[in-house]
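Examining the three-dimensional arrangement
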Amino acid sequence: MTSTAPITTSDLTAGAPVHTPAGSGEWWRDAVIYQVYPRSFADGNGDGTGDLPGVTAKLDHLAQLGVDAVWLSPFYRSPQKDAGYDVADYRDIDPLFGTLADFDEMLAGAHERGLKVIVDLVPNHSSDQHAWFQEALAAAPGSAERERYMFRDGRGPAGDQAPNNWQSIFGGPAWTRLAPREDDGPLGPQWYLHLFDSTQPDLNWDNPEVRAEFEDVLRFWLDRGVDGFRVDVAHGMIKAAGLPDWDGQVAMVEGTVEEGATDPAAPEDGSTGAGNRGPMFDQEGVHDIYRAWHKVLAEYDGDRCLVAEAWVEPLSRLARYVRPDEMHQAFNFSFLTAPWDAATVRTVVNASLSTMEAVGAPTTWVLSNHDVVRHASRFGLDEIGGRQLNGIGATDPQPDAALGLRRARAATLLMLGLPGSAYLYQGEELGLPDHTALPDDVRQDPSFFRTNGTEPGRDGCRVPLPWVGGAPGNGFGPTGRTWLPQPDVYAELAADQQYGVKGSTYEMYRAALGLRRSENLGAGALAWVDSLADHPDVVALRVADVVVVANLGATPFTLPAGAQVLVASGELDEDSGELPSDTTVWLRA
Ligand code: GLC
């Protein structure tokens, strides 16, 4: 049974462009950017943790896949309390990952292959092992050393209550009190703010010395030749004056569309979902920082870029980070959190494009990263409809792997047909699921510990990649060691099992990326297919000369006879001309 009356090939081309990308051709406007999570990408030295020589050795995988750029999560010196998002030295490489020479070699190797390189910048907080924090601990309250962080006296006559009621995003209070010292005053030891783990003290961005330091860090990496920065927690650096109490909830990833539009991520309780509007987030002052950074990058050639990781909502707030004199891109979490529903997907696509067009910026698209359950697992959990959640544990309902992969491939093929810039997370090109049954004793994410295990945390999406199916550690490194265990299914999903295999997820990504480049889809104008604009199950749009049809419903959809299939996310029955449930196809219109 089909869900609608048949349409014709001329129906597919009816519909005027409603979105035309802005801009003047900078590479990042339509780039596909591949996220490397260094500790889990490839291990060069056999210690079980990925490293920069491992990345260099696998650059051909990325070049052949057909991406334009690589973003590397942090590789800086760090005690690794939050997998490197706790930086102890912003100008050096952690020995776990190699040396500055290894970095230079990786960068040169990427550039030789035409790949741009974006590095991660973590400015909201440092590690407690950073020299500045150690100096602050040794210095007295009110000293210049303490002024680089957010130290405060406690409340109450003995100062033994936290300065305010803020909670850490990883669980528990956002304040930690220092150990007592002989020279403490009547209020006892001070407290310091950490929006994340207690080993990640927040820096004081009202202090000019902090601003100068980070501009210098930007120059350090720009001088080495990086093409841009992904800015961690870009909405967090400035806190509201007086640090007022706040009873709202903070969440790792938020995403909603414009006010008034259908909200794909609205909580079932009917509240607005505007969870990240507290006094610690999205303050006006952050924009001055990005205006200053924009000027620093503009001194360099080659269209260097800044991409914001800002969990703000709705999209109009996000667009403020990419105004012409600020950052260049921002992650679009509204797309990531959208449920598997045609009307919502259309709303999110429209809102994403038009909100960013209004400020002259490209939108981005992202389905997976190192903080969320991989989309091949997320889409296998029907009851959450593809929404973000903080890890899946062994005792939780387990995803339907086949459904998850089918929808993930369909979602990706839809995403790669959209204009703008797309982000891929390492391993999604292999269709990898999360490890959804990791034993507690191997977990490392601080959010697992800070919530006493009530949240499984993000380790499941951070499992080392399988390169050679069936080899020790599935070829992650020369010894077979892996810092987290891989699930059994990684053997059959390993890269070598998919290279050149018709119908494999890897070959689908490669075909789509090749066409995206040759058809210039990233810079194309988008038109909706008029006759399907309100279809309950089908998302159909035209970008440049390619028509993308995604069937998100439960019943097959009959494609027009004679339409030429360019790439499909699943098998098509050529005789019936039907697009099966949870499948996307690109057609030549
Ligand atoms: C960002 C990172 C996440 C990290 C957090 C604190 O959200 O993506 O992995 O834990 O910031 O730095």
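Use the structure listed above.
Below or above, wherever it landed, is the structure these notes cover.

Rules used in this analysis
- Residues numbered from 1 in each chain as written.
- Predicted model: local features only at pLDDT ≥ 70, side-chain atom pairs only at ≥ 80, totals over all residues.
- Heavy atoms only, no water.
- Buried < 20%, exposed > 50% of the residue type's maximum accessible area, 1.4 Å probe, protein only.
- Helix = DSSP H or I, 4+ residues; strand = E, 2+ residues; numbered from the N terminus.
- Arc of directions from axis to C-beta.
- Pairing = 2+ DSSP bridges.
- Core = buried A, V, L, I, M, F, W, Y, C linked by side-chain atoms within 4.5 Å.
- Phe/Tyr/Trp six-rings, centres within 6.5 Å; stacked < 30°, edge-to-face > 60°.
- Near = heavy atom within 4 Å.
- Polar contact = N/O pair within 3.5 Å; in protein donor to acceptor, adjacent residues only side chain to side chain.
- Areas by Shrake-Rupley, 256 points an atom, 1.4 Å probe, with all protein chains shown as cover.
- Nonpolar A, V, L, I, M, F, W, Y, C, P; charged D, E, K, R; others polar.
- Salt bridge = Lys/Arg side-chain N within 4 Å of Asp/Glu carboxyl O.

Observations concerning helix H6 (residues 131–138)
Residues Trp132, Phe133 and Ala136 constitute the buried set of H6. Projected down its long axis, H6 shows its buried positions confined to an angular sector of 95 degrees, all on one face.

Some remarks on the sheet that holds strand E11 (residues 305–308)
Read across the open sheet, the eight strands follow the order E12-E11-E10-E6-E3-E2-E14-E13; overall the sheet is parallel. The open sheet is flanked by strand E12 (329–330) and strand E13 (364–366), the only strands paired with a single partner. Taken together, the four bridges between strand E6 (residues 116–121) and strand E10 (residues 228–231) define a ladder with parallel strand orientation. By the bridge assignment for E10, Val119 is matched with Phe229.

Some thoughts on the nonpolar core
Among the nonpolar cores identified, the biggest contains 152 residues, and Phe75, Phe103, Phe229, Tyr290, Trp293 and Trp586 are the most heavily contacted of them. Residues Ile7, Leu12, Ala563 and Leu579 belong to the second largest nonpolar core, which totals 15 residues.

Details of the sheet that holds strand E8 (residues 175–177)
Spatial ordering of the open sheet is given by E7-E9-E8, a layout of three strands whose pairing is antiparallel. Across the chains shown, the open sheet's two edge strands, defined by having one partner strand only, are strand E7 (151–152) and E8.

Focus on the environment of Val348
Its location among the elements puts Val348 in helix H11 (residues 342–357). You can call Val348 buried: its relative accessible area is 1%. The spatial distance from the C-alpha of Val348 to the C-alpha of Thr337 is 9.9 Å, given a sequence separation of 11 residues.

A few points about the packing of aromatic side chains
Centre distance and the angle of the planes are the two values used to describe a pair of aromatic rings. Enumeration according to the criterion identifies 28 aromatic pairs in this entry. Relative to Tyr321, the ring of Tyr290 lies with its centre 6.2 Å away and its plane at 45 degrees, an arrangement referred to as tilted. Of this pair, Tyr290 sits in helix H8 (residues 286–298) while Tyr321 is found in the loop between helix H9 (315–319) and E12, placing the two residues 31 residues apart along the sequence. Each member of the pair, Tyr290 together with Tyr321, is buried.

Some details on the site of the ligand
As a structural note, the neighbourhood of the ligand is formed by 16 residues, with Asp82, Asp232, Glu309, His370 and Asp371 the closest of them. In this structure, an oxygen atom belonging to the ligand sits 2.9 Å away from a side-chain N or O atom of Arg230. Side-chain polar atom of Asp371 to an oxygen atom of the ligand: 2.5 Å apart, as the coordinates give it. Relative to its unbound accessible surface of 300 Å², the ligand loses 100% to contact with the protein. Along the lines of polarity and charge, the residues of the shell around the ligand split into six nonpolar, three polar and seven charged.

Section: the pattern of salt bridges
Per the counting criterion, the structure on display carries 33 salt bridges. Across the salt bridge formed by Lys239 and Asp202, the nearest N and O atoms sit 2.7 Å from each other. Residue Lys239 is found in the loop between E10 and H8, and its partner Asp202 is found in the loop between strand E9 (191–193) and helix H7 (208–224); the two are separated by 37 residues along the sequence. Of the two residues, Lys239 and Asp202, both sit in the buried class. For Asp282, the salt bridge goes to Arg317, with nearest N and O atoms at 2.8 Å. Of this pair, Asp282 sits in the loop between E10 and H8 while Arg317 sits in helix H9; the two residues are 35 residues apart in sequence, bridging distant segments of the chain. On the basis of relative accessible area, Asp282 is assigned to the buried category, the value being 7%. A relative accessible area of 25% means that Arg317 is categorised as partly exposed. Linked through salt bridges whose partners overlap, the residues forming this network are Asp82, Asp371, Asp445, Arg458 and Arg462.

Here's the deal with the pairing of strand E21 (residues 583–588)
A large share of E21 lies buried, amounting to five of its six residues. Relative to E21, strand E17 (residues 546–551) is paired through six bridges, and the arrangement is antiparallel. Following the sheet pairing, Val547 is matched in E21 by Leu587. The sheet contact formed by strand E19 (residues 564–568) and E21 spans four bridges and is antiparallel. Note on E21: the bridge partner recorded for Val565 is Leu587.

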